[in-house]
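Results of the structural survey
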Protein chains: 4
Amino acid sequence: MNGENFTLCGKMVAPSYVRQGSQARRGHEQLIRRLLEQGKCPEEGWSESTVELFLNELAVMDSNNFLGNCGVGEREGRVASSLVARRYYRLIHGIGRSGDIAAVQPKAAGSSLLNKLTNSVVLDILKISGVRSVASCFVVPMATGMSLTLCFLTLRHRRPRAQYIIWPRIDQKSCFKSMITAGFEPVVVENVLEGDELRTDLEAVERKIEELGAENVLCVHSTTSCFAPRVPDRLEELAATCAKHEIPHIVNNAYGVQSSKCMHLIQQGARVGRIDAFVQSLDKNFMVPVGGAIIAGFDESFVQEISKMYPGRASASPSLDVLITLLTLGASGYKKYLSERKEIYSFLAQELKTLASAHGERLLHTPHNPISLAMSLDGLQASSDQAVTQLGSMLFTRQVSGARVIPLGREQVVNGHTFRGFMSHAESYPCPYLNAASAIGITREDVTLCMKRLDRCLRTLKKDGGAARSCSTGPDVDQEAPDEE
Amino acid sequence: MNGENFTLCGKMVAPSYVRQGSQARRGHEQLIRRLLEQGKCPEEGWSESTVELFLNELAVMDSNNFLGNCGVGEREGRVASSLVARRYYRLIHGIGRSGDIAAVQPKAAGSSLLNKLTNSVVLDILKISGVRSVASCFVVPMATGMSLTLCFLTLRHRRPRAQYIIWPRIDQKSCFKSMITAGFEPVVVENVLEGDELRTDLEAVERKIEELGAENVLCVHSTTSCFAPRVPDRLEELAATCAKHEIPHIVNNAYGVQSSKCMHLIQQGARVGRIDAFVQSLDKNFMVPVGGAIIAGFDESFVQEISKMYPGRASASPSLDVLITLLTLGASGYKKYLSERKEIYSFLAQELKTLASAHGERLLHTPHNPISLAMSLDGLQASSDQAVTQLGSMLFTRQVSGARVIPLGREQVVNGHTFRGFMSHAESYPCPYLNAASAIGITREDVTLCMKRLDRCLRTLKKDGGAARSCSTGPDVDQEAPDEE
Amino acid sequence: MNGENFTLCGKMVAPSYVRQGSQARRGHEQLIRRLLEQGKCPEEGWSESTVELFLNELAVMDSNNFLGNCGVGEREGRVASSLVARRYYRLIHGIGRSGDIAAVQPKAAGSSLLNKLTNSVVLDILKISGVRSVASCFVVPMATGMSLTLCFLTLRHRRPRAQYIIWPRIDQKSCFKSMITAGFEPVVVENVLEGDELRTDLEAVERKIEELGAENVLCVHSTTSCFAPRVPDRLEELAATCAKHEIPHIVNNAYGVQSSKCMHLIQQGARVGRIDAFVQSLDKNFMVPVGGAIIAGFDESFVQEISKMYPGRASASPSLDVLITLLTLGASGYKKYLSERKEIYSFLAQELKTLASAHGERLLHTPHNPISLAMSLDGLQASSDQAVTQLGSMLFTRQVSGARVIPLGREQVVNGHTFRGFMSHAESYPCPYLNAASAIGITREDVTLCMKRLDRCLRTLKKDGGAARSCSTGPDVDQEAPDEE
Amino acid sequence: MNGENFTLCGKMVAPSYVRQGSQARRGHEQLIRRLLEQGKCPEEGWSESTVELFLNELAVMDSNNFLGNCGVGEREGRVASSLVARRYYRLIHGIGRSGDIAAVQPKAAGSSLLNKLTNSVVLDILKISGVRSVASCFVVPMATGMSLTLCFLTLRHRRPRAQYIIWPRIDQKSCFKSMITAGFEPVVVENVLEGDELRTDLEAVERKIEELGAENVLCVHSTTSCFAPRVPDRLEELAATCAKHEIPHIVNNAYGVQSSKCMHLIQQGARVGRIDAFVQSLDKNFMVPVGGAIIAGFDESFVQEISKMYPGRASASPSLDVLITLLTLGASGYKKYLSERKEIYSFLAQELKTLASAHGERLLHTPHNPISLAMSLDGLQASSDQAVTQLGSMLFTRQVSGARVIPLGREQVVNGHTFRGFMSHAESYPCPYLNAASAIGITREDVTLCMKRLDRCLRTLKKDGGAARSCSTGPDVDQEAPDEE
């Protein structure tokens, strides 16, 4: 309501009450102003009413909501269903233009602001989470895999002759496919076993670079967040190697924003060596629906090059989700989630250790993995060949989600490449195991319930000597396949 | 409510009333059943209450909504903001799996159904709209340009040596960039002028194929819907050429679903020759927010190959939008939109013709373009050099959106390629012109208002002999750049 | 967004686009301004986005949405459930104060404006609908019956000795109870039969007044809208009688706003005689959920007296519903509903006439009833005693709602008063009949479907000679009891 | 989704996943079943998704949502605005019938269930909150005052000759008006001062009864929750007196549900004497929007008599609000609110005590008031005549809501009755004071902020010797009048 309208209101109800109301409005405006000025995530979260007020204000600035607009183009932001219009707060025009996903749309000042602000707020959060020197980033409405593909496609224009991507092995299909889809040949570097941990084989990477010739290598494609017993790649050393050989370095930081360790690795890698871009999932780090990623980097012009590589406009949905979420949480709310996650990680480790020893198993020692844990299943394996996969099915039907069971010796062919020991990140890991992770948003209750059900499953399986078949586990119940991005 | 609960209800209120209520529920269930059985767009649109009932039912089947679920994975469908959860009807898990965007997710039966049903309903609509022999399709949460890129990347695996894409010129950046991004070299084939129309130069295409060698050509990339005076490509002939040379053929059918002519061209092309895939925008054809496309084809296995090329999960948002829209409209509602669009096309043509002659201009004769029209601006151009671009600014500030003004002689470099006469699809089109389109959802009022404002602008410009500057058109008011997808 | 914030926006996206957006915002503000200035229903309906923008603006002015508010009272507008807060657009404080339901609340300028504006807009609609000289009105969150009670309770303070209310009979329980609840003794005046119509017995009214003594009569309580063959009371004559005897006159105009005839009667009554207040249902006239009424009158101070009689605050829900509805429809939209209703009335009359004659029955001739129609059921009655009530059950189970079947000779005791011929407004109406009404919002399809089903029921009943029992009509299926307010 | 549809789903996605989904659905159904069976507030709160699923199920049972319904009545649940329909989850028919607000509607099984269940769940909460022997209750969409009026109107039919209501004074307009509106003469019994507390003058009540004659007394109208230094009435003794004289007893329990002490008083009163009905606010006890009340009693038939006294249907809005709220909170969630309120009461008392002594004032000793506290303002009064009222204005403009400032010697005429010392519940209370309350939903932050602002105001006023005028306190800023229901 503008000044004039407030004055009119004052004629209907007491001016002093209206004045109070107009001051209250200014309170919301102040929050919006600070956001526009600073482009940062507000320290304290906004109320839902401020968030919705703001989104409504943005929507009003898009031409599809102009009261006197007439449209004779082929893309006018018309919406047939009011249910759908409502989903988007009437911001229909998406983000970007044909030339650049970060560009401003003349028809849609509101959607353009949404886009810019989201990128700006997300950049702030990346800094807060540990990558202090990040220069630029943008939200893209594609999952991590396709976003990595876009990075590789961008690099192709810089290194037209390169055809290989060096990739320390991680058994996650979409990572691998991101390279295949971009048209490159992944060069898989097996990990080395250090204690229980699987870590980057730096020498093998060096060897491969020399073998293939640096100019033929598009980039090194490394990974932070991953399932134990694999641990985040040795980013500092890889970044140094890349710098030395002048090879680009793309980091898959899938769900690493939630871990200060992963973010620290990136920050350090960029400091001592070379990291061209790092890509992270929106849903896994910010508790929004699946479908978006953040592409970030330390060189603004390279990040812009990637954003210009995306042909055409894009959905505003993931941007809208993450902006609503971060405004509602505020930086303090997000940090609270991070610290709770960390605490529950310790709790989960403790609980899993206790449970493991009660069943004659052990918690694998993987101190470099800040999110995922693994418990051996040697004893279970000994009891019966099928017991390990059966455990997976049983957990699935008991509504334990996200706990992955990794048997030995599985082999899988992905796009022509054979992975031995698939899912375990190694050709022959010493033991089968079960994964559990403390990811953002997890609660103590999740852990407690999971332990209880896991305990019961293990008891049942042992008692029946592996012959156990819970009646709800019929033949058509596949084990939940490995939980890939 | 299940039978048992209905019985309990009958104890609280009269059983006969509850029976009536339970029969009414069955009415909704019947609609859902027919959808599940047939996988087709219902003839009559559903009420919003049926749509929401259905989406709620789907959501209940996803693990993030299980009442007893405990999650210890890194992707559990947690949502921090209830505003965001509500946007998705609590369907948080997105669509697809790492291996395939069309795959089923164990954790999310509801989201998986949403995905399958949407693709199935959309396939039905493609058939209804004229491509009766289409075999398969899927919705992808990327705009048309990026979707075309995905098609090209898929073809690369089939034709590893090919590096050229033959492309009858259309001045729309994201089409061009879709090829660049995929890493190919676009071979631009200029159009030929036939009367006022710009049409495919079939001989030039043949010549290029022979020149480059069929095996080096990844595909022909043709276009249906476009701005007049360019008209849809000669698809039948191109398809025949492709068949003859065994070259794949990808059609950009951007907003062609709304036109029976465009759809007929595709149907015929596939019948007499070769079309491997055709790609269309969700928002431009189905009045949903920007951000999705449909990739369709006549060979199920090739379409599946493309869907498997997308690495990782994807946003369910565009699928949700189009499913809600089509269920709400029903096939009959959608067809009604199509026929209204067609009628208004004639109305627009008539109005534009009248207006043109009143101003000493003429409606260009472009009978092959079923959506877009063009009116010459020769006289305006004559009055002043700047008058043509000024007209664009004036229309923009007067809230006429989508009307594009095309001056002569603009030159633009896009990714290293110089386009002379950019925006006009030809190096030197005979006259400057203005475009207006009758696209789905347009109303008679849009046309009437546009004509009125256009008339007023033209008068003003003429009176002032081109010196006209409406006061609201300050120096920082850029003309709205060409409206590209 | 205020000016300062728009300027900041201009730094993020092109100032010219933002300027366009800010102008667009002004468009919405202009609509709001006109509403605040004139307090009238806008001629053209607002878009949902303007409506929601406006409601959000109001909500921001209520103290429960102040960002810095601290509350230490017992009523602070706290809401435990966000689902509930959302239902009210966060307008939680209700309307009115302890002293007056129309009073302004210091804590809630927004809710107070909502209340004032609603009453003002509704007053405008009453004028538009035909009662041009209405002076004042207010929306009260009680249904018509309780609202009538409030009027009678207010009159008690003016006429402390009066104990009778003279009431031309209408067989609708809540009308009757409204008097009982207020503690008065209804004096039932039987209607006279004129042709098929049941009309006010003016002489009997006069007689009763003289019999009881004018000073002992609290008021005359008359009715406009009613089921045929009863027709609206002779308001002009009653109003004149009341004026003559100085007796107050309260009109139950339940669903009469939708009929220009009913409204005309009130306007005329007030012109030639005395009408103190007239009460109408919100839901029945404005297509909103059940639960509100409008109390209106020609003397502002008497209307205010009634509003001050309501002790305590009240729900804003009905006000919110009707305001949203009227702003969305606009005066023109509402008038369109009215004229459609009128047309369908003729259509229904025609259809019912045809159907009646096909079954040997006839459409009763009730030209003074502008909404409800009645078709005789003589033949059906003749075929079997139970056939008439059976018809009611059959229509109910076939989802024909609102069609009432009126058998002969029913007797009912309501609060100690025995009504012979209950439901037919007369002790012994000549024939049983079926009612159907053309009420606001009815569609042609409603009529067509109803006729089809009614036809089928009548056929079935006749064929079986009254022994018909559709299997879905078990013994526990009561006929839907008369449809009372 | 019914079994058949689940089977069809299993054909589209893996049957095992669908089975899991269908089991998950059963989880929600089980919750609903328990609710229907027991009619009690669930111990643990439901998720929003269960709540909305349930409401959607109810809506489907109402005839306005029947897919094949045709309506030819005057009340068909048509809704013009989809925004409005959505507010009600499409439950449009309201509650009750003309005969009884608790009656079942044939057209609306869903709304009828909503009504019954709400009353049943609310009854359960009343028991849990301390009135274990309550027999029956119903939610009525009127605020407390009007609900009390309805009780009195009902009693009139039992005691036609009675014209007085005995009422221990409480300075709250709507209580007083509830009697006036019902047409009775309130007999005000002044309170007695015991220490700082104002308590019921039992002897005066007895005296009045004898003076007027028991048969002329409609009822005693007592109050529990109130502003300190008044304390809840001596219910046990009053109930005993009523029993002795066979006079009905109606208790205004406005916001007493939140206090175990108030509820205990009612429970005890009913045990040892007579309480016919007790009335409480929905919004003040359950954190829902203003506009509903609960009428409860120990004799089911009397409660039913009241519910039958309400003429006509009523809004379902308050029922919907409280049902959503209680299902979402669960009994445990509600009890948590109650215990927090109690804790913060102690905190507030402590803080106020400290603040008072810092300013030379004192916390009045009112141990019998479990919700409201009062701090003397003797010193402030001494500094300047206007200082006390000024303090009220200052707090209002500083967004401290609910803190009431009570000066000495105010006189007010309400409906002809003169109250000396109005607002202080006594003709001449010894000192002016300020009220603050710990009501349900209050937070520690509310208290802390209030203390800080109050402290600052008191300092300012003292410094300026009462000449203080904050600039935002212009002449038109009325002090917020006493906060009455």
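Criteria and thresholds
- Residues numbered from 1 in each chain as written.
- Chains lettered and ligands numbered in written order.
- Predicted model: local features only at pLDDT ≥ 70, side-chain atom pairs only at ≥ 80, totals over all residues.
- Least-squares fit on C-alpha atoms with pLDDT ≥ 70 in both.
- Contact = placed C-beta atoms within 7 Å.
- Pairing = 2+ DSSP bridges.
- Helix = DSSP H or I, 4+ residues; strand = E, 2+ residues; numbered from the N terminus.
- Axes fitted to C-alpha atoms, helices over the stretch in contact; angles between N-to-C directions.
- Domains from an automatic or database assignment.
- Buried ≥ 20, exposed ≤ 12 C-beta atoms within 10 Å, placed from the backbone.
- Right-handed = clockwise from strand over helix to strand, strands pointing away.
- UniProt positions renumbered as here; feature names shortened; annotations may be inferred.
- Nonpolar A, V, L, I, M, F, W, Y, C, P; charged D, E, K, R; others polar.
- Expected span 1.5 Å × (residues − 1).
- Left-handed = near helix turned anticlockwise from the far one by under 90°.
- Core = buried A, V, L, I, M, F, W, Y, C linked by C-beta atoms within 7 Å.

1. Considerations on the relation of the copies chain B and chain D
Least-squares fitting of chain B to chain D yields an RMSD of 0.0 Å, with the transformation described by 0.0 Å of translation along the axis and a rotation of 180 degrees. Classification of the inter-copy transformation places it as that of a two-fold axis. The share of interface residues of chain B whose copies in chain D are also at the interface is 98%, consistent with both copies meeting through the same surface.

2. With respect to the sheet that holds strand S4 (residues 185-189) of chain C
All names here are of chain C. With mixed pairing, the seven strands of this open sheet are ordered in space as S2-S10-S9-S8-S7-S3-S4. Each edge of the open sheet is held by one strand with a lone partner, namely strand S2 (136-140) and S4. Within the sheet, the average angular offset between the axes of one strand and its neighbour, ignoring direction, is 20 degrees. Two elements, strand S3 (residues 164-168) and S4, share five bridges in a ladder whose sense is parallel. Looking across to S4, one finds that Tyr164 is bridged to Glu185. Contacts from helix H6 (residues 144-158) reach S2, S3, strand S7 (217-223), strand S8 (249-252), strand S9 (277-281) and strand S10 (293-297), with the element oriented near 160 degrees to S9.

3. Focus on the interface of chain B and chain A
Chain B puts 91 residues into the contact, and the matching count from chain A is 89 residues. When residues of the side of chain B that touches chain A are assigned to their parent elements, the largest contribution, seven residues, is made by helix H13 (residues 317-358) of chain B. Sheet topology note: the strand S1 (residues 70-71) of chain A/strand S12 (residues 400-401) of chain B ladder contains two bridges and is parallel. In the strand pairing of S12(B), A:Cys70 is matched with B:Val400.

4. Observations regarding the relation of the copies chain B and chain A
If you rotate chain B by 180 degrees and push it 0.0 Å along the axis, it lands on chain A with an RMSD of 0.0 Å. Both copies present the same face, since 98% of the interface residues in chain B are matched by interface residues at the equivalent positions in chain A.

5. Overview of the domain arrangement of chain A
One can read the domain layout of chain A as domain 1 (1-38), domain 2 (110-326) and domain 3 (334-463). Summarising the inter-unit geometry, the C-alpha centres of domain 1 of chain A and domain 3 of chain A are found 55 Å apart.

6. Brief notes about the environment of A:Asn2
Position of A:Asn2 relative to the elements: it lies in the segment before helix H1 (3-12). Under the C-beta neighbour-count criterion, A:Asn2 is labelled partly exposed, with 16 such atoms within 10 Å.

7. Here's the deal with the pairing of S7(C)
Residue and element names in this part refer to chain C. Across the seven residues that make up S7, a large majority, seven, are buried. Bridging between S3 and S7 involves three bridges; their strand directions are parallel. Looking across to S7, one finds that Ile166 is bridged to Val220. Pairing of S7 with S8 involves four bridges; the strand directions are parallel. Looking at S8, one finds that His221 is bridged to Ile250. Traced from S7 through helix H9 (residues 235-245) to S8, the parallel crossover comes out right-handed.

8. Side note on the UniProt feature "binding site: substrate" (unreviewed entry) in chain A
Residues and elements named next belong to chain A. According to UniProt, the positions carrying the feature "binding site: substrate" (unreviewed entry) are Arg97, Ser98, Gln105 and Arg313. A compact arrangement is adopted by the annotated residues: their sequence extent is 217 residues, whereas the largest C-alpha distance between any two is 9.8 Å. Looking at the secondary structure, you find Arg97 in the loop between helix H4 (82-87) and helix H5 (109-128). Its 24 C-beta neighbours within 10 Å are what place Arg97 among the buried residues. Counting through the fold element by element, Ser98 comes out in the loop between H4 and H5. For Ser98, a count of 26 C-beta atoms within 10 Å gives the class buried.

9. Section: the interface of chain B and chain D
In this assembly, 43 residues from chain B lie in contact with 43 residues from chain D. Ranked by the residues each element gives to the side of chain B that touches chain D, the list is headed by helix H2 (residues 15-38) of chain B, at 13 residues. Within the side of chain B that touches chain D, the residues separate by chemical class into 21 nonpolar, 12 polar and 10 charged.

10. Describing the environment of D:Ala108
All names here are of chain D. With respect to the element layout, Ala108 can be found in the loop between helix H4 (82-87) and helix H5 (109-128). Taking the number of C-beta atoms within 10 Å as the measure of exposure, Ala108 has 32 and is therefore buried. For the pair formed by Ala108 and Ser357, sequence separation is 249 residues and the distance between their alpha carbons is 60 Å. Ignoring anything within four residues of it in the chain, the contact list for Ala108 reads Asp62, Ser63 and His93.

11. A look at the sheet that holds strand S11 (residues 372-376) of chain C
What holds strands together in a sheet is hydrogen bonding between their backbones, with the strands either parallel or antiparallel. Residue and element names in this part refer to chain C. If you trace the three strands from one edge of the open sheet to the other, you get S11-S16-S13, paired in antiparallel fashion. Both outer strands of the open sheet, S11 and strand S13 (404-406), are each paired with one neighbouring strand and no more. Taking each pair of neighbouring strands and ignoring which way they run, the sheet shows an average axis angle of 25 degrees. Inspection of the sheet shows S11 paired to strand S16 (residues 433-437) by five bridges, in the antiparallel sense.

12. Considerations on helix H3 (residues 48-60) of chain B
Each full turn of the α-helix corresponds to 3.6 residues, which orients residues three or four apart in the same direction. Over its 13 residues, H3(B) runs 18 Å from end to end, which matches the ideal 18 Å to within 8%, given 1.5 Å per residue. For H3(B), the tally of buried residues reaches 11 of 13 residues, placing the bulk of the element in the interior. The complete set of buried residues in H3(B) reads B:Thr50, B:Val51, B:Glu52, B:Leu53, B:Phe54, B:Leu55, B:Asn56, B:Glu57, B:Leu58, B:Ala59 and B:Val60. Packed against the buried residues of H3(B) are H4 of chain A, H2, helix H5 (109-128) and H13 of chain B together with helix H2 (15-38) and helix H3 (48-60) of chain D.

13. With respect to the packing of helix H5 (residues 109-128) of chain C against helix H13 (residues 317-358) of chain C
All names here are of chain C. Contact geometry for H5 and H13: axes closest at 10 Å, N-to-C directions at 40 degrees. The handedness of the crossing between H5 and H13 is left-handed. Facing Leu114, Asn115, Leu117, Thr118, Val121, Val122, Ile125 and Ile128 of H5, the residues of H13 in contact are Ser319, Leu320, Val322, Leu323, Leu326, Ala331 and Tyr334. Of the residues assigned to the contact of H5 with H13, the class counts are 12 nonpolar, three polar and no charged.

14. Description of the nonpolar core
If you look at the biggest cluster of nonpolar residues, it comprises 664 residues, and the most contacted ones within it are A:Ile295, B:Ile295, C:Ile295 and D:Ile295. No other element matches H13(B), which puts 15 residues into this core. Not counting residues up to four positions away in its chain, the partners in contact with A:Ile295 are A:Cys137, A:Phe138, A:Val140, A:Ser147, A:Cys151, A:Ala277, A:Val279, A:Val303 and A:Ile306.

15. Notes on unusual backbone geometry
Leaving glycine out, the prevailing phi sign among residues is negative, and the prevailing peptide bond configuration is trans. That bond from A:Ala228 to A:Pro229 is cis: its omega, 5 degrees, falls within 30 degrees of zero. Topologically, A:Pro229 is positioned in the loop between strand S7 (217-223) and helix H9 (235-245). Its identity as a non-glycine residue notwithstanding, A:Asn415 has a phi of 45 degrees, on the positive side. Relative to the helices and strands, A:Asn415 resides in the loop between strand S14 (411-414) and strand S15 (417-420). Residue B:Met287 is not a glycine yet carries a positive backbone phi of 50 degrees. Tracing the backbone shows B:Met287 in the loop between helix H11 (282-286) and strand S10 (293-297). On the basis of neighbour count, B:Met287 is assigned to the buried category, with 26 C-beta atoms found within 10 Å.

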